[in-house]
Structures are given as C-alpha cells and as structure tokens.
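# Structural description and commentary
Each chain is listed here by its residues.
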Amino acid sequence: MVDIAQNLAAVRARIATAASDAARDPDSVALVAVSKTQPPGSIIAALKAGQTVFGENRLQEAAEKWPALKAAFPGARLHLIGPLQRNKARRAVELCDAIETVDSPRLARTLARLMEETGRRPDCYIQANTGEEPQKAGVLPQETDGFIGLCRDELGLPVKGLMCIPPQDEEPSLHFALLAQIAHRNDLSGLSMGMSGDYETAIAFGATLVRVGTAIFGPRQLRPET
Ligand SMILES: *Cc1c(COP(=O)(O)O)cnc(C)c1O
C-alpha cells in the first residue's frame, strides 16, 4: 500500500531542504502533485493531507475527475501539464487554474479569445522544448523570446513563467539552467521544472513549481496512449 500522506510529507521535507541549500525561501517553491492516471480516492487522500495544487496531462481525464473533486475541495487548484488541443481549449480555460503548456501562436490566440469570452484567466506558462526534440511539444529556445512577446504583450495572456521537460537521457541541469536564463532575460519569475527524479536539482536552478507524480502516488496505472 502506498502511504500518500507520508510520501507527501517526505517530498515536502526534501523540497524545504533543497530550497534552503540553495539559499531560497521554501515557500517560493510550490509542489504540483501530478495525479494523472490516479483514481479519485488517491487524489482525495492527498487533498486530505493538505495538498492543494495538482497536475493532469490529459484534459479529457481531468474533465472526468476534477469537477467533482473541486466541488468537494473548493481550494484545490488544477494545472494542465500536457499538450492542449485547440478544440479542448474552452474546457481547459473553464476547468484549469493554470495551463503550463502554451506552445503555439494559434493556441495562444485561442486562449486569449476564450479568456475574453469566459472572464476566466488561468495562469499561463510557456512550454519550451529546451532539448529541441522533434517529437516533443514546446517552443524552440531561439523562438521563445518572440513567443513570450506575442503572448504577454500582444495578446495580454497572464504569462507567469516557463515550463520544460528535459530529454530523458540528458543531464537535466543544463536544461534547467537554459530555462532559467530565458525566463530571467524576459522578466518572468515562474519556472515549472523538475519531476520525481530531479526536483531537487530543479530547485537549485530556480524552480518555482515542481511537478511530482510517482514519488507521491507510487507507480502509475498503465493506460492506452491516445
Ligand atoms: C507525468 C509528468 C510529471 C510527473 O512525473 P513523475 O516522474 O511521476 O514525477 C511531470 N511533468 C509532466 C509534464 C508529466 O507529464
């Protein structure tokens, strides 16, 4: 049996240690509990243990689980951390409190229009493809400054920062450093980076959001990819 409350306490303690080792305020790092594939019972255990911010990577799954969870736990906040198709953007704006995967001008323009229409303004993070991997979502590093300008200055999106998922077989710190550098030169304070295997390193490089799944909930259920 996975003890979710105990895992959460351990992750929080490690976040606090990593922050003070980096001479940072532990409160400057928020934990996003990644609950993709996890059943509502596991999420409720985390909510009851005081966790408030959660991440899901598929909007369809989020829309099945989260309306009821949010009704029962009004303080809960949901971050979308997976690719967003434009035909699901309205649902994302209605349901999510942050969209961490803004990665194309077309999506950005759609989000701007939907925020206007709905009056809801979830935090936006721009996903950068720091490893320049062809199969991975995200804006290429050399295009990121221009894309931030479009999102923030032209479209008026509430851009809080940047997000990245480093290549699996590379040293993540190079990617964390690159993301921090791009954020710094664009006056963005938010950095969503670090997962179960590398969140302490990410904190050393300035992460303000760490996205941790298996270290909290244990191994994920397998599911068919869509
Ligand atoms: C699944 C996922 C995570 C969490 O990964 P763990 O290794 O289970 O901590 C973080 N970020 C994104 C974008 C994910 O899809």
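Everything numeric in this text was worked out from a predicted model, so none of it was measured.

Under the defined criterion, the tally for this structure stands at one aromatic pair. With a centroid separation of 5.2 Å and an interplanar angle of 45 degrees, the aromatic rings of Phe54 and Trp66 are classed as tilted. Here Trp66 lies in helix α3 (residues 59–72) and Phe54 lies in strand β2 (residues 53–56), a separation of twelve residues in the sequence. For the pair formed by Phe54 and Trp66, the shared burial category is buried.

What follows deals with helix α6 (residues 141–154). Along an α-helix, residues three or four apart share an orientation, since each turn contains 3.6 residues. The terminal C-alpha atoms of α6, which comprises 14 residues, lie 20 Å apart, in line with the 20 Å expected from a rise of 1.5 Å per residue. Taken as a whole, α6 has its buried residues at Pro141, Thr144, Phe147, Ile148, Leu150 and Cys151. If you follow the buried residues of α6, they end up packed against β4 (98–102), α5 (105–118), β5 (123–127), β6 (159–163) and α7 (172–185). Count one or two residues on from α6 and you reach Gly156, which has phi positive near 70 degrees.

In the neighbourhood of the ligand, the contacting residues comprise Val34, Lys36, Ile81, Met163, Ile165, Met195, Ser196, Arg211, Val212, Gly213, Thr214 and Arg220. A distance of 2.6 Å separates an oxygen atom of the ligand from a polar side-chain atom of Lys36. At a separation of 2.9 Å, an oxygen atom of the ligand approaches a polar backbone atom of Thr214. Expressed as a share of its isolated accessible area of 390 Å², the protein-covered part of the ligand is 89%.

Taken across its five residues, strand β1 (residues 30–34) has four buried, putting it largely inside the fold. Where β1 lies against strand β8 (residues 209–212), four bridges are found, and the strand directions are parallel. When the sheet's bridge partners are listed, Ala33 is paired in β8 with Val212. Note that β1 and β2 share two bridges and pair parallel. Looking across to β2, one finds that Val34 is bridged to Gly55. In this view, the connection linking β1 to its parallel neighbour β2 by way of helix α2 (residues 40–48) has right-handed handedness.

Take a probe with the size of a water molecule and roll it over the atoms, and the empty space left behind shows itself. The calculated volume of the second largest pocket comes to roughly 190 Å³. Looking at the second largest pocket, the residues that line it are Arg12, Ile15, Ala16, Pro26, Asp27, Val29, Ala30, Leu31, Gly50, Gln51, Thr52 and Val53. Elements with a minimum of two residues in the lining of the second largest pocket: α1 (4–21) and β1. The element contributing the most residues to the lining of the second largest pocket is α1, with three residues. Taken together, the residues that form the lining of the second largest pocket break down as seven nonpolar, three polar and two charged.

Phi at Glu132 takes a positive value of approximately 50 degrees, unusual for a residue other than glycine. Residues other than glycine seldom take positive phi values, yet Asp187 does so here, at roughly 60 degrees. Within the secondary structure layout, Asp187 lies in the loop between α7 and β7 (190–192).

Time to look at the packing of α6 against α7. It is at 10 Å that the axes of α6 and α7 come closest, and there the two elements cross at 30 degrees. Taken as axis vectors, α6 and α7 run roughly parallel relative to one another. When the axes of α6 and α7 are compared, the crossing they make is right-handed. Touching Pro141, Thr144, Asp145 and Ile148 of α6 are Leu178, Ile182 and Arg185, all from α7. Taken together, the residues of the contact of α6 with α7 sort by class into four nonpolar, one polar and two charged.

About the thresholds
- Residues numbered from 1 in each chain as written.
- Predicted model: local features only at pLDDT ≥ 70, side-chain atom pairs only at ≥ 80, totals over all residues.
- Heavy atoms only, no water.
- Phe/Tyr/Trp six-rings, centres within 6.5 Å; stacked < 30°, edge-to-face > 60°.
- Helix = DSSP H or I, 4+ residues; strand = E, 2+ residues; numbered from the N terminus.
- Buried < 20%, exposed > 50% of the residue type's maximum accessible area, 1.4 Å probe, protein only.
- Expected span 1.5 Å × (residues − 1).
- Contact = heavy atoms within 4.5 Å.
- Near = heavy atom within 4 Å.
- Polar contact = N/O pair within 3.5 Å; in protein donor to acceptor, adjacent residues only side chain to side chain.
- Areas by Shrake-Rupley, 256 points an atom, 1.4 Å probe, with all protein chains shown as cover.
- Pairing = 2+ DSSP bridges.
- Right-handed = clockwise from strand over helix to strand, strands pointing away.
- 1 Å grid on protein atoms, 1.4 Å probe; cavity = no way out; pocket = protein on both sides within 12 Å on 5 of 7 lines; lining within 4 Å.
- Points joined across faces, edges and corners; volume = space filled by probe spheres on them.
- Nonpolar A, V, L, I, M, F, W, Y, C, P; charged D, E, K, R; others polar.
- Axes fitted to C-alpha atoms, helices over the stretch in contact; angles between N-to-C directions.
- Parallel < 35°, antiparallel > 145°, perpendicular 65-115°, else oblique.
- Left-handed = near helix turned anticlockwise from the far one by under 90°.

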